[in-house]
Structures are given as C-alpha cells and as structure tokens.
There are 2 protein chains.
Amino acid sequence: MTTAIAHLGPSGTYAEAAALIFTKGFVTETAQEAILCPYPSIAQTMEAVAQGEAQLAVVPIENSIEGSVTMTMDALWRLDKLQIRQSLVLPIDHALLSQASQLEAIRRVYSHPQALAQCQQWLDIHLPKAQRIATHSTTEALQHLDEDSTIAAIASQRAAQLYNLPILNCPLNDYPDNCTRFLVLGLDPSPGGTHTSLAFSVQANQPGVLLKPLQVFAERSINMSRIESRPTKRSLGDYVFFVDLEADARLAKTQAALAELSTCTETLKTFGSYNVVSP
Amino acid sequence: MTTAIAHLGPSGTYAEAAALIFTKGFVTETAQEAILCPYPSIAQTMEAVAQGEAQLAVVPIENSIEGSVTMTMDALWRLDKLQIRQSLVLPIDHALLSQASQLEAIRRVYSHPQALAQCQQWLDIHLPKAQRIATHSTTEALQHLDEDSTIAAIASQRAAQLYNLPILNCPLNDYPDNCTRFLVLGLDPSPGGTHTSLAFSVQANQPGVLLKPLQVFAERSINMSRIESRPTKRSLGDYVFFVDLEADARLAKTQAALAELSTCTETLKTFGSYNVVSP
C-alpha cells in the first residue's frame, strides 16, 4: 500500500521540506511506500485527509517569531476528526529571490503572509517602498519572477535551487533562531507520546467559565506547554481554547482530567498524544 | 490643556472611528479639549504615547473573527509602561470600494491584512483571481483607486463618504457579527474597572512553569476572560502569556494574586484595570 502524504504546495514550500523529512523516517519505520501530494492551501491539505484522499498531512502550526498559524487551528477545530501523529520542528531561513540585479530595482515582494511577517523589519529597512503581496504559499510567489525583474519573492533556498532562481539576499528573517513547528495529521491516533493536544469551547457570556477547565489540570499538576485562544466567530469574547499538555493521554491521571473536562466544557475535541521531533 | 489622541491613520480608518467615539465621551466628561493625531502604523501610534508626543492612543486589540491583533500585543509587551484606560467594542462592516463598474474588472484588492482576512471567504468566491495586497491601514489602500479602475480596496463606508469613492459591495465580511475591540492607552492608569490585563513570561524550557501562574488565579476563583500566548521570539515554545481577568486590581484578592504571581513568573507586566464599553 502506498501512503499519500498531503502538504501545502507547489514543490519547494517549507511544508514540503517537513513532509520529506517525515516521509524518510516513515518509509524506514513502516517499510511502506509513500508519495507526497501538494495542495493549494493549508485547509485543502487537511480536508484531503478528512475526506480520505490522503492518509496523512503535514501542516505548520506555529512559528517561533510570528506565533500560531491560525488557519491550521481553525481547520483543526472545524474538521473535527483529525488526530496528531507527530510534531516536527524545522529551522526556517528565508531568502529573497529575484531577477533584479540590486535591491533598489524591486517594487513588489510576493510571499505567504507568515513569511512576509517573519521578515517585516528587514522589509521596512531595505525595501520600505515595495508593495507586499500575499500568496497562498512561498512557492506560488515564484511564478511572477520571470515576467518582471522589479519583482522579488520570499522563499526557501531549496526553492531557489529547484526553480533555478537567483538569491539576492539570505537569511532575511528578522530573528536568526526562526523555527516552525509542523503537525503530522491522520485519521488514526498515534499510540501515544509526551504531548497531548485538545481544544474546547465554553458556554459564552457566563462568568467564571474558564476557571473550572484550568482547575482540572492545575489540581492534577498537569502542565500546559501552550494555551491559545481562537474566536468561535459567534460573538466577541467567545473563544475556542487550544491546549497542549505535557502528558500522555494513556496515563490514568490524564484520562481522569479529560473525563472531568468534558463535564465543564461546551464542546471538547481531543487530538491525541504524540512525540515532538527536532531533526 | 489639549489632549492629543493618537490612532492609526490616515483619516477614515476604523481606529479613527473608535477614537472619535472615545473622544466625544472624554471631552464631555473632562471638559478638556482634544485633537486626533493619525500615525502610519499601530506600533508608531503606541510609541507616540510612550514618548510623550500624545497623551492617549486608541488601538485595536482583537477582532471577533480573526482574533488577536498580534502587533498591538507585541508592542504592549515591548513598550512596557502603557496602561489601559478603557476598552471599546465597535461593530465592523467592510465595504468594497472601486472605480470599476463590475466585479469582473477587478485584478487587485488592497487593504489592511486584518480586513483581507475578515473577508477571505467572500474574496475566494467573488474575486478568486484577484491579488490581495497588504497596506498599513484600510485608508492607505484607497490611494490606489483613482489611478486604475482594475483596483479595489476594502475599507469602511465612512471612508467611502470621506473620500467620495463608489461602494461596489457591502457588507463584505464573512460573518455578519464582526466586531473589533479597541484599547485606549495612556501613561497613567485608570482609577479601576471590571477587567484587569497583564502579561508574563516564564522561565523557558522548565517543566510545569505555566501551572503555578494559573493556580494563583484558580485558587482564588478569579476568572480569566481571555488567555493568549505570543512567542518571546527567543526560541520556539517560549511564550509571553497575555491574560484578562474579570477582576478589579483594587480588590485585596486581586492584589494578593498579583503579588504571588510576581514570585512565580520571570517578568510580569500589569496594564491596569478598566471598563469595557460598547457604544
């Protein structure tokens, strides 16, 4: 059986780089064949797994500078049944690709909004007048470069090699220690791991509603390594809370906490337990 | 004395609309004169107050659909000494402004990244091929409209009136109940209010570090109405946590919690107590 692994495409994205690293380990471990399947958006990458078109997906969840990838969180909540199989951390060095011979010639910079945000100070200083244009992926940005030498794109050095495009500057990111954490998602849960992820909503506009869910973990000395809120999009102040626990869901303590949590939340979704890998 | 109130400009932004509403109440209450001062970015709006150029600033902090305005949070943490005087909720209806006679003619859409994100489904359906170009404000987007009728901008209906520009479609936002909450910031704290905001960092890479800060509030039955993390930008997994409490900092219970919190966090910054106003 060949396992289809979905990721944000076209070829050359950071998500593809993460998917390649994961796939190498996966093929060795399972002795299965695997193919990478590029999709035009993060949401479509995740939907491919939910609908059975692909067995696994590799998607970014947070960056060390720009924070959460909100569209991944929103799709995780919406699609409901996806489970986290592994978490994978990748260092990110952005490069400025262009046919221009010098920075002064550049009028427009194309890239994914996360990449533009991770390089905003560099752009403010070196290309203050250039328009910043959002694309669906860092690779999609490259398609404009051949038409016009006043255009630049922010993408990976690997993309520059793949498409034989000149690098004008690298690294571009405002902070040197720029990393992105990816999730490997599937329909089956992983057997377990050091971290457990979940999300819950609470009854809106009731005083004290977040207190009880947080007490469930505090009373059992279960640490959260991350807590993040996203709007439910129903009304202001009405949130979905995303929590990462430093605990395996197979432990009795974690199971008791999850059982109690389901009694004091409106909707509770668990995304399984998994390990965090830094290749 | 005339009070200078900074906001994201140029004239016609939602921040200016919020600043106008606040200013009306402020002038009536204090019998002082006030002038609005537009700045080219949210960060510069907040720096104007930190450096004494303006006495107050009105800045967006969260939207009911897109969530946190991360640049406001990052500047609040960085600038350190700003205090929240009031919180103000404004309904947001986006309009598509263009000299084009029909949608089919539009090739590029300019707006602030938050406005583009709040209308992304509408854009996916009605203008799937149009490029989305980020501007520093919804009003800055308007300066391109007169040059070229294949360009559209997303801005407020008020901006359309101010600059005498045609509205092609309204409302554009993907969810009808679209609201943005603004903060009024100054150097002096407000005398008190129903909500208290603070942010703290914890020692990185230590197990259990978030547990104790959350227990401080849970043990005293102090509810959080919002908890949000932002990267410290030092390393992945190292966060600043922003917390809104449903409590007045003048109460002995809150004061005891804040005193204990300072002993179990690395850096603790308090932004004062204030009331939330929905005009």
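Criteria and cut-off values
Residues numbered from 1 in each chain as written. Chains lettered and ligands numbered in written order. Predicted model: local features only at pLDDT ≥ 70, side-chain atom pairs only at ≥ 80, totals over all residues. Heavy atoms only, no water. Helix = DSSP H or I, 4+ residues; strand = E, 2+ residues; numbered from the N terminus. Buried < 20%, exposed > 50% of the residue type's maximum accessible area, 1.4 Å probe, protein only. Contact = heavy atoms within 4.5 Å. Areas by Shrake-Rupley, 256 points an atom, 1.4 Å probe, with all protein chains shown as cover. Salt bridge = Lys/Arg side-chain N within 4 Å of Asp/Glu carboxyl O. Buried area = accessible area lost by both parts, 1.4 Å probe. Polar contact = N/O pair within 3.5 Å; in protein donor to acceptor, adjacent residues only side chain to side chain. Nonpolar A, V, L, I, M, F, W, Y, C, P; charged D, E, K, R; others polar. Pairing = 2+ DSSP bridges. Least-squares fit on C-alpha atoms with pLDDT ≥ 70 in both. Disulfide = S-S within 2.5 Å. Axes fitted to C-alpha atoms, helices over the stretch in contact; angles between N-to-C directions. Domains from an automatic or database assignment. UniProt positions renumbered as here; feature names shortened; annotations may be inferred.

> In this structure, what is going on with the overall build of chain A? I would like to understand it.
The helix and strand tally for chain A stands at 8 helices and 16 strands. Residue burial in chain A is summarised as follows: out of 279 residues, 58% are buried. Partitioning the intrachain contacts of chain A with sequence separation of at least 6 by distance along the chain shows that 77% fall at a separation of at least 24. Of the roughly 11,300 Å² of accessible surface on chain A, 51% is carried by carbon and sulfur atoms.

> Sorry if this is basic, but what is going on with the pattern of salt bridges here?
Close approach of charged atoms lets side chains of opposite charge pair. Per the stated rule, a full pass over the model turns up 30 salt bridges over all chains. The closest approach of N and O atoms between R158(B) and E16(B), which form a salt bridge, is 2.8 Å. Of the two residues, R158(B) sits in helix α6 (residues 157–162) while E16(B) sits in helix α1 (residues 14–30), which places them 142 residues apart along the sequence. Linked by salt bridges that have partners in common, E62(A), R181(A), R226(A) and D244(A) make up one network.

> Help me out: how do you make sense of helix α7 (residues 211–218) of chain B in this one?
Every α-helical turn comprises 3.6 residues, leaving residues that sit three or four positions apart pointing alike. Of all 8 residues in α7(B), 7 are buried, a share of seventy percent or more. Residues L211(B), P213(B), L214(B), Q215(B), V216(B), F217(B) and A218(B) constitute the buried set of α7(B). The inward-facing, buried residues of α7(B) contact α7 (211–219) and β13 (224–231) of chain A together with β12 (195–201), β13 (224–231), β14 (239–245) and α8 (252–263) of chain B.

> Explain the interface of chain A and chain B to me, please; I cannot follow it from the model alone.
Accessible area lost upon the coming together of the parts serves often as the stated size of an interface. Contacts between the two partners involve 46 residues from chain A, matched on the other side by 46 residues from chain B. Between chain A and chain B, a total of about 3,700 Å² is buried, with carbon and sulfur atoms accounting for 53% of that surface. Three residues, I227(A), K233(A) and L236(A), lead the burial of chain A against chain B; their summed loss comes to 17% of the area buried on that side. Linking chain A with chain B are 0 salt bridges. Our enumeration of links across chain A and chain B arrives at 20 residue pairs in polar contact (both at pLDDT 80 or more). Broken down by secondary-structure element, the contributors of at least two residues to the side of chain A that touches chain B are β3 (56–63), β7 (108–111), β8 (131–134), β11 (179–186), α7, β13 and β14 (239–245) of chain A. Among the elements that take part in the side of chain A that touches chain B, β13(A) stands out by supplying 8 residues, more than any other. Here the side of chain A that touches chain B is built from residues that sort into 21 nonpolar, 13 polar and 12 charged. Here 3 bridges tie β8(A) to strand β8 (residues 131–134) of chain B, and the two strands are oriented antiparallel to one another. Bridge pairing links I133(A) to I133(B) in β8(B).

> For this particular structure, what's the right way to read the relation of the copies chain A and chain B?
Applying a rotation about an axis and a shift along it to one chain copy brings it onto the other copy. With an axial shift of 0.0 Å and an RMSD of 0.0 Å, the rotation relating chain A to chain B amounts to 180°. Here the two chains are linked by the operation of a two-fold rotation axis. Comparing interface residues between copies, 100% of those in chain A also sit at the interface in chain B, which points to an isologous, same-surface contact.

> Got a minute to help me understand the pairing of strand β9 (residues 151–155) of chain A in this structure?
Successive residues of a regular strand alternate their side chains across the two faces of the sheet. Residues and elements named next belong to chain A. Of all 5 residues in β9, 5 are buried, a share of seventy percent or more. Residues I151, A153 and A155 point to one face of β9 and A152 and I154 to the other, with burial holding for every one of them. Pairing between strand β6 (residues 95–98) and β9: 4 bridges, direction antiparallel. Bridging across to β9, L96 finds its partner in I154. Alignment of β7 against β9, held across 3 bridges, turns out to be parallel. Bridged to V109 within β9 is A152.

> Any chance you could explain the state of the cysteines here in plain terms?
Any covalent bond linking the sulfur atoms of two cysteines counts as a disulfide. Residues and elements named next belong to chain A. With the rule as written, the count across this model stands at 0 disulfides over all chains. Here C119 stays free of any disulfide, with the sulfur of C170 as its closest cysteine sulfur at 9.5 Å. What makes C119 buried here is its relative accessible area of 0%.

> I would appreciate a short explanation of the sheet that holds β13(B) in the present structure.
Adjacent strands of a sheet form backbone hydrogen bonds with each other and so pair up, either parallel or antiparallel. All names here are of chain B. Taking strand neighbours across the sheet as the criterion, the 4 strands line up as β13-β14-β12-β15 in an open arrangement whose pairing is antiparallel. Strand pairing shows two members of the sheet lacking a second neighbour, β13 and β15 (267–274), which therefore form its edges. On average, adjacent strands in this sheet sit at an angle of 15° to one another, irrespective of strand direction. Across 6 bridges, the pairing between β12 and β15 is antiparallel. Among the inter-strand pairings, A199 is bridged to a residue of β15, identified as K269.

> Please clarify how the domain arrangement of chain A should be interpreted in this entry.
Residues and elements named next belong to chain A. Splitting chain A by domain gives domain 1 (2–91 + 180–186), domain 2 (95–169) and domain 3 (195–277). The largest contributions to the domain 1 side of the interface with domain 3 come from M73, W77 and I84, which together make up 40% of the buried area. The interface formed by domain 1 and domain 3 holds 5 salt bridges in total. When the shortest N-O distance is used, the salt bridge between R181 and D244 registers 3.4 Å. In this assembly, domain 1 and domain 3 are joined by 13 residue pairs in polar contact (both at pLDDT 80 or more). Contributing elements (two or more residues each) for the side of domain 1 that touches domain 3: β3, α3 (70–79) and β5 (83–91). Split by residue class, the side of domain 1 that touches domain 3 holds 8 nonpolar, 5 polar and 5 charged.

> Teacher, can you tell me more about the UniProt feature "domain: Prephenate dehydratase" (unreviewed entry) in chain A here?
UniProt records the feature "domain: Prephenate dehydratase" (unreviewed entry) at residues 4–187 of chain A, using the numbering of this structure. Its end C-alpha atoms 13 Å apart, residues 4–187 of chain A is made of 30% helix and 32% strand.

> Would you take a moment to explain the side chain of Q83(B) for this structure?
Inspection of the secondary structure puts Q83(B) in strand β5 (residues 83–91). A distance of 3.4 Å separates a polar side-chain atom of Q83(B) from the backbone nitrogen of G272(B).

> Sorry, what's going on with the environment of H144(B) here?
You can see H144(B) is positioned in the loop between β8 and β9 (151–156). Distance from H144(B) to Y110(B), taken between C-alpha atoms, is 8.3 Å for residues 34 residues apart in sequence. When sequence neighbours within four positions are dropped, the list of residues in contact with H144(B) reads Q131(A), Y110(B) and I151(B).

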